[in-house]
Structures are given as C-alpha cells and as structure tokens.
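# Structure at a glance
Listed below are the residues making up each chain.
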Amino acid sequence: MTTVRIPQDWPATEEQARAVQDALRTRVILGEPGPPPGTGRVTGVDVAYDDERDVVAAAAVVLDASTLDVVAEATAVGRVSFPYVPGLLAFREIPTVLAALDALPCPPGLVVCDGYGLAHPRRFGLASHLGVLTGLPTIGVAKNPFTFSYDDPDTPRGSAAALLAGSEEVGRALRTRDAVKPVFVSVGHRVTLDNACAHTLALTPAYRIPETTRRADALCRKALRETHPA
DNA sequence: GCGACAG
DNA sequence: ATCTTGTCGC
C-alpha cells in the first residue's frame with residue numbers, strides 16, 4: 001500500500017475548489033462512446049474515512065469485464081485533503097484515489113466511480129474530474145439522486161428514466177434489480193451515457209451496486225482498518 | 001434568509 | 001461517509 005501527500009497546490013477554500021472545477025470542466029470529452037461493455041477491464045475505485053484520525057484510504061480493484069473476476073487491486077492511504085462539501089466531493093477523494101490507480105500493476109480500462117460525473121452543480125463531479133486528470137474513460141454510479149429529479153423507472157431491471165437538472169438530462173436513474181431503488185448513472189470522461197448504463201448493467205448481475213464499487217468499497221474499508229497510527 | 005445536499 | 005444488533009427472507 002502506498003502513502004500519499006496532499007498536493008502543494010491543492011485548493012484550500014471552497015471558492016478555490018469551485019474555480020478549479022470551472023477551469024478543468026472545459027477538458028471533459030463527451031463525444032467518445034468508450035470501451036464496449038463486457039470486454040477488456042473495468043476498475044472500481046472507492047474511499048473510506050476516519051475523520052477522527054484524519055485518515056483516508058482508497059482502493060482500486062480491476063475486474064475482467066466479462067467474468068467479473070478480480071484481476072488486480074491496489075490501495076493507498078493519506079490525510080483527508082478537504083472537508084465534505086456537497087459539490088466538492090472530488091477534492092476529498094482524488095489524491096488518494098490517484099495514488100491507488102498509480103499503484104496498479106496493469107492498465108485500469110474503464111473506471112467506475114462511486115458518485116457523479118456530469119450530474120453535478122457545475123457539471124464536473126468526481127468521475128469527470130478523475131477522467132480529466134488521468135485521461136481514462138470514467139463513469140459515475142451513485143446511490144442517491146443528490147439534488148436532481150427523476151421519475152421512478154418501471155419495475156424490471158434495465159428500466160431507466162432521465163435524471164434531470166431542471167429540463168437538462170444530466171444522467172439516468174437506472175434500475176439494476178427488479179423493484180429495487182435505482183442507481184444514478186452519469187457520464188464522466190470519454191464515455192457515452194448509453195454506454196455508461198450498459199456497463200452498469202453488465203456490472204450488476206446480482207446486486208444493486210456495481211461489482212466494481214462493491215469490491216473497492218470492501219477493500220478500502222479493510223485498508224482503513226489495517227492502517228494503524230504512525 | 002432557510003433548508004437540502006454525491007460520499 | 002460513519003455511528004450500530006438483531007432480524008426477516010431467499
């Protein structure tokens with residue numbers, strides 16, 4: 001497991017962080033379809049916190065997209081780099097997530113984030129941010145609708161409804177299990193929304209949450225547990 | 001001004 | 001996110 005330092009130029013205030021988002025937003029690529037679902041590799045990233053000890057642990061787990069077997073994994077720990085502020089989540093997670101991705105022994109392929117991409121107040125959520133910084137195709141799959149609105153999708157798995165910011169579609173409420181609360185998918189970088197939803201369905205053969213996120217969540221929690229005070 | 005608000 | 005036991009059900 002690697003240890004990370006907070007970058008020297010990391011924003012210190014909410015105002016600075018929003019300015020960074022506005023600047024990087026222009027570099028997001030939305031036109032590319034992205035890798036075909038069910039092929040190659042898919043990587044899940046997630047983070048766990050211990051605000052008491054000021055520690056954050058991140059995990060990156062690479063799966064074979066067709067079998068969903070774990071191909072590789074890596075973790076990283078660091079200091080909490082930003083407080084939780086709705087809309088600024090990326091500044092809390094990204095330094096450690098980048099370190100975990102760097103520690104992987106193989107290319108990650110498509111990266112699935114636990115949170116949003118385009119579905120964001122300034123259209124630049126965690127998945128967008130991570131995509132621009134790494135150049136990798138990314139998508140966001142969130143468990144909650146944040147401030148956005150949606151109509152309940154039909155009951156069967158695979159049904160979807162637009163996730164709306166006013167009248168603008170910023171993502172999709174996608175049912176991954178029959179009659180179970182949908183997940184909220186949005187585009188990050190270099191992936192299409194239809195493709196992002198197809199990937200999400202390919203990653204949810206048994207549970208509401210993508211296997212990528214479930215594996216990364218379990219691993220970063222374990223890494224946090226096993227991180228003892230220095 | 002007040003409340004709501006990914007993780 | 002995190003604090004937290006048992007419990008109902010496939």
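No experiment lies behind these values; they were computed from the predicted model shown. (Residues numbered from 1 in each chain as written. Chains lettered and ligands numbered in written order. Predicted model: local features only at pLDDT ≥ 70, side-chain atom pairs only at ≥ 80, totals over all residues. Heavy atoms only, no water.)

## Re the UniProt feature "binding site: Mg(2+)" (unreviewed entry) in chain A
The sites that carry the UniProt feature "binding site: Mg(2+)" (unreviewed entry) are, in the present numbering, Asp46 and Asp114. Spanning 69 residues, the named residues nonetheless gather at one spot, since no C-alpha pair among them exceeds 6.2 Å. For Asp46, the position within the fold is in strand S2 (residues 41-50). You can call Asp46 buried: its relative accessible area is 5%. Leaving out residues up to four positions away in the same chain, Asp46 has contacts with Ala57, Ala58, Ala59, Asp114, Ala216, Asp217 and Cys220. (UniProt positions renumbered as here; feature names shortened; annotations may be inferred. Helix = DSSP H or I, 4+ residues; strand = E, 2+ residues; numbered from the N terminus. Buried < 20%, exposed > 50% of the residue type's maximum accessible area, 1.4 Å probe, protein only. Contact = heavy atoms within 4.5 Å.)

## Comments concerning the pairing of strand S6 (residues 138-142)
Within S6, five of the five residues are buried, which leaves it mostly tucked inside the rest of the structure. The alternating pattern of S6 places Thr138, Gly140 and Ala142 on one face and Ile139 and Val141 on the opposite face, and all of these are buried. As a crossover connection, the stretch from strand S5 (residues 110-113) through helix H3 (residues 126-134) into S6 is right-handed. Relative to strand S9 (residues 183-189), S6 is paired through five bridges, and the arrangement is antiparallel. Within S9, the position partnered with Thr138 by the bridge is His189. (Right-handed = clockwise from strand over helix to strand, strands pointing away. Pairing = 2+ DSSP bridges.)

## Some details on the pairing of strand S4 (residues 70-79)
Strand direction decides the pairing type here: strand S1 (residues 2-3) and S4, joined by two bridges, are parallel. Within S4, the position partnered with Thr3 by the bridge is Val77. Pairing of strand S3 (residues 55-64) with S4 involves nine bridges; the strand directions are antiparallel. When the bridges of S4 are listed, Val55 appears paired with Arg79. From the end of S3 to the start of S4, which pair antiparallel, there are five residues, and Leu68 there has a positive phi angle of about 65°.

## Observations concerning the protein's contact with DNA strand C
All residues in the neighbourhood of DNA strand C are listed as Ala48, Tyr49, Lys143 and Arg221. Between DNA strand C and Lys143 there is a distance of 3.1 Å, counted from a phosphate oxygen to a side-chain nitrogen or oxygen. Contacts to DNA strand C include Arg221, whose side-chain N or O atom sits 3.3 Å from a phosphate oxygen. In terms of residue class, the surface near DNA strand C is built from two nonpolar, no polar and two charged. (Near = heavy atom within 4 Å. Polar contact = N/O pair within 3.5 Å; in protein donor to acceptor, adjacent residues only side chain to side chain. Nonpolar A, V, L, I, M, F, W, Y, C, P; charged D, E, K, R; others polar.)

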